[in-house]
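Chain residues, written in single-letter form:
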Amino acid sequence: MGLRSWLSQAARTLKLAVKPGRTELWLSVKISVLGIGVIGLVGFVIRFISLAVGGATALTS
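For every chain, the first residue of the written sequence is number 1, and numbering continues from 1 onward in sequence order. For this predicted model, a pLDDT threshold of at least 70 governs which residues receive local features, and a threshold of 80 or more governs which side-chain atom pairs are given and counted, while totals over whole chains, interfaces and linings are taken from all residues. For the side-chain quantities, the full set of heavy atoms in the structure was used; hydrogens and water were omitted.

Quick look at the overall build of the chain
- Note on conventions: DSSP H or I runs of at least 4 residues are helices, E runs of at least 2 residues are strands, and numbering of each starts at the N terminus. The secondary structure content of the chain amounts to two helices and zero strands.
- The buried label applies to any residue whose accessible area, calculated with a 1.4 Å probe on protein chains only, is under 20% of its type's maximum; exposed applies above 50%, and partly exposed to all values in between. The burial tally for the chain puts 2% of its 61 residues in the buried class.
- Computed with a 1.4 Å probe, the accessible areas rest on the Shrake-Rupley method; for each residue, only the protein chains presented here act as cover. Summing over all exposed atoms, the chain offers an accessible surface of approximately 5,800 Å²; the carbon and sulfur share of this is 73%.

What follows is the structure in structure tokens.
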């Protein structure tokens, strides 16, 4: 696949692309915030378990 072919396909894709509507954008924001929250919660649970298993010495490492 040459550069010219890639550029024509990229131009075609950009012509078809449209900006998301308000509801679609809001849905993307909610899903992103939910994902970040889940990752944070998993990290908190792992940290809490490591403190419970390791005791107070886990804080110094």
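What follows continues from the structure just given.
Considerations on a nonpolar patch on the surface
- A cluster of nonpolar residues, Leu41, Phe44, Val45, Phe48, Ile49 and Val53, forms a patch on the protein surface that exposes about 650 Å² of accessible area.
- Along the chain, Leu41 falls in helix α2 (residues 22-54).
- Judged by relative accessible area, which is 53%, Leu41 ranks as exposed. Nonpolar side chains (Val, Leu, Ile, Met, Phe, Trp, Tyr) within 5 Å and like charges within 9 Å form the patches, drawn only from residues with over 30% relative accessible area and no salt bridge. One side-chain nitrogen of Lys or Arg within 4 Å of one carboxyl oxygen of Asp or Glu is enough to make a salt bridge.

Some points on the packing of aromatic side chains
- Think of it this way: a Phe, Tyr or Trp ring, Trp meaning its six-membered ring, pairs with another when their centres are within 6.5 Å, and the plane angle makes it stacked under 30 degrees, edge-to-face over 60, tilted otherwise. Tallied over the entire structure, the rule returns one aromatic pair.
- Here the aromatic rings of Phe44 and Phe48 are separated by 6.3 Å at their centres, their planes lie at 20°, and the arrangement is stacked. Remark: Phe48 and Phe44 occur in helix α2; sequence separation between them is four residues, near one turn of the helix. Of the two residues, Phe44 and Phe48, both sit in the exposed class.

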